[in-house]
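Here is how the chains run, residue by residue.
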Amino acid sequence: LSNELYSKGDLFSKHQASKLFLKSLEFKFHDNDAIYKMILTYSELLDDDEGDLKSGNEIFKLIQIAKGKGLGDINLAMGTATYFAHFKKHAAATKTLEDYLTLYKKISPKFLAVYASVLTQSGNLPKAKAIIDKIINLKDKIEEHYIAMAQFAEFENEYTLMQSYTKEGLAKFPKSV
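Residues numbered from 1 in each chain as written. Predicted model: local features only at pLDDT ≥ 70, side-chain atom pairs only at ≥ 80, totals over all residues. Heavy atoms only, no water.

Trainee: How should the overall build of the protein be read in this particular structure?
Mentor: Secondary structure summary: the protein contains 10 helices and zero strands in total. By the compact-globule yardstick of 16 Å for 177 residues, the protein fits well, its C-alpha radius of gyration being 16 Å. By principal-axis analysis of the C-alpha atoms, the protein measures approximately 50 × 35 × 30 Å. Counted over contacts in the protein with a minimum sequence separation of 6, partners at least 24 positions apart contribute 52%. When the accessible surface of the protein is summed, it comes to about 10,000 Å², and 57% of that surface belongs to carbon and sulfur atoms. (Helix = DSSP H or I, 4+ residues; strand = E, 2+ residues; numbered from the N terminus. Rg over C-alpha atoms; globule rule 2.2 N^0.38 Å. Contact = heavy atoms within 4.5 Å. Areas by Shrake-Rupley, 256 points an atom, 1.4 Å probe, with all protein chains shown as cover.)

In structure tokens:
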């Protein structure tokens with residue numbers, strides 16, 4: 001149920017999913033992959049959190065615990081990078097994703113979006129453009145792809161293109177904020 005709620009993508013569903021991930025960890029902490037999804041979800045919710053620093057400290061503690069288990073989970077890599085990017089630690093965010101890619105090479109559509117966003121925010125526009133070009137050529141785009149494309153277009157001062165991506169994304173994902 002928690003994964004179903006999370007996959008809906010809207011803010012309310014992510015909040016609900018985060019509560020279920022936490023309950024899962026309270027029930028069984030060791031060898032529970034819910035910690036990775038929880039880190040990703042909590043990191044994504046940071047932008048909407050009033051207690052930014054307190055939440056950030058809690059997420060950082062979770063990241064440290066999860067890293068002890070290894071970096072092999074894609075949700076841990078994306079969550080850690082999202083966390084670092086939120087606090088403007090772009091070099092750490094980029095390194096997290098690139099370390100994951102070096103070791104595991106398996107990516108998801110969402111990973112592409114997170115990677116493009118982190119590269120854009122860090123100012124590495126040539127590398128971000130290469131990822132954005134891959135996203136543009138995808139047949140089935142997820143909500144995060146439209147956000148990454150619009151973000152990149154904004155950094156490139158392509159405001160008409162940014163509006164186009166935003167409109168297209170909102171048409172496909174009307175519950176998006």
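Trainee: I would appreciate a short explanation of the side chain of Thr80 in the present structure.
Mentor: Tracing the chain through its elements places Thr80 in helix α5 (residues 74–86). Apart from residues lying up to four places away in sequence, Thr80 is in contact with Ile39, Ile63, Lys67 and Thr96.

Trainee: Would you mind showing me how to read unusual backbone geometry here?
Mentor: Where the residue is not glycine, phi is negative for most of them; where a peptide bond is considered, it is trans in most cases. Even without glycine at this site, Lys88 takes up a positive phi of about 65 degrees. For Lys88, the location among the structural elements is in the loop between α5 and α6 (90–104). One non-glycine residue, Lys105, lies in the positive phi region at around 60 degrees. Note on placement: Lys105 falls in the loop between α6 and α7 (109–122). Classification of Lys105 as exposed rests on a relative accessible area of 62%. (Buried < 20%, exposed > 50% of the residue type's maximum accessible area, 1.4 Å probe, protein only.)

Trainee: Would you mind going over helix α2 (residues 11–27) with me for this structure?
Mentor: Since the α-helix advances by 3.6 residues per turn, residues separated by three or four positions end up pointing in the same direction. With 17 residues, α2 extends 25 Å between its outermost C-alpha atoms, agreeing within 8% with the 24 Å of an ideal straight helix rising 1.5 Å per residue. Residues of α2 that are buried include every one of Ser13, Lys14, Ala17, Ser18, Phe21 and Leu25, and no others. Considered in projection along α2, the buried side chains sweep an arc of 140 degrees and stay on one side of the axis. Pointing more than 90 degrees away from the buried face of α2 are the exposed residues Phe12, Lys23, Glu26 and Phe27. (Expected span 1.5 Å × (residues − 1). Arc of directions from axis to C-beta.)

Trainee: Honestly, the pattern of salt bridges in this entry has me stumped. Any pointers?
Mentor: Any two side chains of opposite charge can pair, so long as their charged atoms come close to each other. All chains considered together, the criterion is met by six salt bridges. The partner of Lys129 in a salt bridge is Asp133, and the shortest N-O contact between them spans 2.9 Å. On the criterion of helical spacing, the pair formed by Lys129 and Asp133 is a turn pair, its members being four residues apart in helix α8 (residues 125–136). Accessibility expressed as a relative area gives 40% for Lys129, which makes it partly exposed. On the basis of relative accessibility, which here comes to 30%, the residue Asp133 falls in the partly exposed class. One continuous salt-bridge network, built from bridges that share partners, spans Lys14, Glu44, Lys110 and Glu144. (Salt bridge = Lys/Arg side-chain N within 4 Å of Asp/Glu carboxyl O.)

Trainee: Got a minute to help me understand the packing of α7 against α8 in this structure?
Mentor: When two helices pack together, their arrangement is given by the angle between the helix axes and the distance between those axes. The geometry of α7 relative to α8 is characterised by a closest axis approach of 8 Å and an angle of 155 degrees between their N-to-C directions. Here α8 runs roughly antiparallel to α7, going by the angle between their axes. The way α7 lies across α8 gives a crossing that is left-handed. From α7, Leu112, Ala113, Tyr115, Ala116, Leu119 and Thr120 reach across to α8, where they touch Leu125, Lys127, Ala128, Ile131, Ile132 and Ile135. (Axes fitted to C-alpha atoms, helices over the stretch in contact; angles between N-to-C directions. Parallel < 35°, antiparallel > 145°, perpendicular 65-115°, else oblique. Left-handed = near helix turned anticlockwise from the far one by under 90°.)

Trainee: How should the packing of aromatic side chains be read in this particular structure?
Mentor: Any pair of aromatic rings gets described here by the distance separating the centres and the angle formed by the planes. Here the structure, examined in full by the defined rule, presents seven aromatic pairs. Grouped by ring-pair contacts, the aromatic residues Phe60, Tyr83, Phe84 and Phe87 constitute a single cluster. (Phe/Tyr/Trp six-rings, centres within 6.5 Å; stacked < 30°, edge-to-face > 60°.)

Trainee: Quick question: what am I supposed to make of the packing of α6 against α7 here?
Mentor: In the contact formed by α6 and α7, the axes pass within 9 Å of each other and the chain directions differ by 145 degrees. Crossing hand, α6 versus α7: left-handed. Here His90, Ala93, Thr94, Leu97, Glu98, Tyr100 and Leu101 of α6 lie close against α7, whose contacting residues are Phe111, Val114, Tyr115, Val118, Leu119, Gln121 and Ser122.

Trainee: I would appreciate a short explanation of the environment of Glu44 in the present structure.
Mentor: Checked against the element boundaries, Glu44 lands in helix α3 (residues 34–45). By relative accessible area, Glu44 is classed as buried at 17%. Sequence separation between Glu44 and Met78 is 34 residues, and the spatial gap between their C-alpha atoms is 9.6 Å. Aside from chain neighbours lying at most four places away, what touches Glu44 is Tyr6, Lys14, Thr82 and Lys110.

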